Amino acid sequence: MPEGPDLHLAGLFVNRVCTDVVFTGAVIKSEVSKGPQIPFACDAYLISAVSRGKEVRLTLTPIKSDTKSKKKAKEEQSPMDVVFRFGMSGYFRFTTVEDLPKHAHVQFYTRDEPQRVLSYVDARRFGSWQPNGTWQRDRGPCVLFEYESFRQNVLSNLSDKAFDRPICEAMLNQKYFNGIGNYLRAEILYRLNIPPFMKARTVLEGLLPEDEDTKEVKEAAGENCDTAGKRKLKTESPDILSLCHTVPLEVVELAGKGYAPEKADYRAIENWFQCYFVEGMNSLSDHNGRTIWFKGDAGPMAPKGSKASKTKGKIQKREHEYTSAKGAKRKQTASVSKEKPTKKAAGTVKMEVDEPKRRSSTRRQNGNKKRADTESDQNKKPQTLRKSSSPGPQASRTRSTRRQSGHESNTKGRSTATSRRKKRTAV
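Residues numbered from 1 in each chain as written. Predicted model: local features only at pLDDT ≥ 70, side-chain atom pairs only at ≥ 80, totals over all residues. Heavy atoms only, no water.

Caption draft 1: Quick peek at the sheet that holds strand β2 (residues 28-29). If you trace the four strands from one edge of the open sheet to the other, you get β2-β7-β8-β6, paired in antiparallel fashion. Among the strands making up the open sheet, the edge pair consists of β2 and β6 (91-96). Here six bridges tie β6 to strand β8 (residues 116-121), and the two strands are oriented antiparallel to one another. Following the sheet pairing, R93 is matched in β8 by S119. (Pairing = 2+ DSSP bridges. Helix = DSSP H or I, 4+ residues; strand = E, 2+ residues; numbered from the N terminus.)

Shown next, in the form of structure tokens:
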């Protein structure tokens with residue numbers, strides 16, 4: 001699921017590809033999407049983007065012409081903000097019209113030739129957009145760009161019932177942790193060795209409204225800045241709230257190392273993960289059904305009756321992905337015949353593989369033996385039985401019996417007629 005850093009990178013992507021690019025016409029919505037139509041149409045306009053937590057706002061700005069009359073100027077399209085929320089799989093693409101993605105649900109067309117299109121793509125359709133939209137009121141300050149306000153908002157509302165829940169579930173509450181999602185909460189808790197199912201209030205109580213080094217960072221604001229233009233916090237012992245700011249910044253910095261969500265290239269961030277879906281880590285579903293990855297104890301508020309399971313390594317998954325279907329079948333066959341290949345000798349494994357062939361040959365031998373026994377039994381039967389019995393079905397035997405009885409009756413009739421003639425001649 002795209003999180004705060006991913007949406008910020010999406011905004012940077014839009015600003016990079018749309019710089020000095022003029023768009024034209026109406027905004028097109030796909031027919032299959034249930035999202036609202038964007039009532040915007042203009043001969044020439046520009047697009048810019050800005051992110052806040054898990055939201056991205058596109059601003060459509062018409063280009064004014066000095067040659068138009070005052071009447072036409074009044075009829076011109078006014079600027080519009082469209083706020084996007086990516087859901088589970090949303091992102092932006094900038095392609096030619098011929099290469100328009102299949103699930104492009106919102107489309108902005110350029111005026112140049114060949115014509116290109118900026119599109120919002122969402123295969124699972126969990127995302128949304130709001131024409132003339134604003135930031136959602138129930139979302140707190142952004143963990144990336146409003147760190148001081150974010151920290152103050154959390155620590156001043158610890159009496160809220162939201163902090164009665166486990167810390168892993170409280171971190172998904174966008175009212176207080178705007179921009180934190182599933183993989184970020186796992187990485188942050190892992191670095192501090194905090195059990196995910198410890199009570200949130202217990203974890204956060206005792207933290208100061210400001211970090212110890214915050215004042216020094218404010219004084220040296222122009223010295224240390226990240227790629228997003230935001231001050232970095234450098235503390236010897238960071239707490240959970242400070243990591244909610246610095247860990248997402250690490251993801252933003254991965255953009256220079258090949259991490260490109262718009263191209264679905266996630267190799268850099270997969271290598272960056274220390275806990276999330278990493279081999280050997282424990283995983284458990286929280287009370288909302290979301291999977292949390294962690295190391296060690298789950299904590300006292302873990303769901304009752306739940307049992308943590310070990311995560312299988314991603315390296316194995318990549319091998320299966322890059323293996324052909326034919327090769328995968330070979331691996332599955334080998335794994336069935338070899339339960340413990342490391343402990344068995346090569347000759348033993350070969351015997352197990354050849355075993356099905358031996359069984360099949362044994363079955364053929366048994367079948368041939370049965371046929372031979374049957375033939376020998378038939379040869380032992382008396383000769384009279386073989387002559388009298390017909391090799392055909394029982395019906396043929398019945399017909400032959402009827403013929404014999406009919407022949408006998410005809411013979412008797414003929415002999416009786418002959419005897420009568422002899423008597424008449426004698427008289």
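There is more to say, and it comes next.
Caption draft 2: Main features of the packing of aromatic side chains. Scanning the model with the defined rule gives 18 aromatic pairs in all. Each ring, one from F86 and one from F92, has its centre 5.5 Å from the other, and the planes form 75°; the classification is edge-to-face. (Phe/Tyr/Trp six-rings, centres within 6.5 Å; stacked < 30°, edge-to-face > 60°.)

Caption draft 3: Representation of the environment of N193 within the structure. Within the secondary structure, N193 is located in the loop between α5 (182-192) and α6 (200-204). Residue N193 is classed as exposed on the basis of its relative accessible area, which comes to 62%. The spacing of N193 and K295 is 102 residues in sequence and 7.7 Å in space, taken between C-alpha atoms. (Buried < 20%, exposed > 50% of the residue type's maximum accessible area, 1.4 Å probe, protein only.)

Caption draft 4: Broad picture of the confidence of the model for the protein. When pLDDT is averaged across the protein, the result is 78; 64% of the residues are at 70 or more. In this model residues 315-360 is a low-confidence stretch, pLDDT under 50, and it forms twelve contacts with partners more than four residues away in sequence or in other chains. For residues 380-398, every residue scores under 50 in pLDDT, and the model assigns this stretch six contacts once sequence neighbours within four places are set aside. (pLDDT = per-residue confidence, 0-100. Contact = heavy atoms within 4.5 Å.)

Caption draft 5: Here's a closer look at α5. With eight of eleven residues buried, α5 lies mostly within the body of the structure. Where α5 is concerned, the buried positions are N182, Y183, L184, R185, A186, E187, I188 and L189. Buried positions along α5 lie against α1 (4-17), α4 (167-170), α8 (240-253), α9 (267-272) and β11 (291-294). Note on α5: the residue one or two positions beyond its end, N193, has a positive phi of about 55°.

Caption draft 6: Seen up close, unusual backbone geometry. Omega for the bond connecting E113 with P114 falls within 30 degrees of zero, at 0°, which places this linkage in the cis form. Considering the arrangement of structural elements, one finds P114 in the loop between β7 (104-109) and β8. Although it is not a glycine, R125 sits at a positive phi angle of roughly 60°. Owing to a relative accessible area of 47%, R125 belongs among the partly exposed residues under this scheme.

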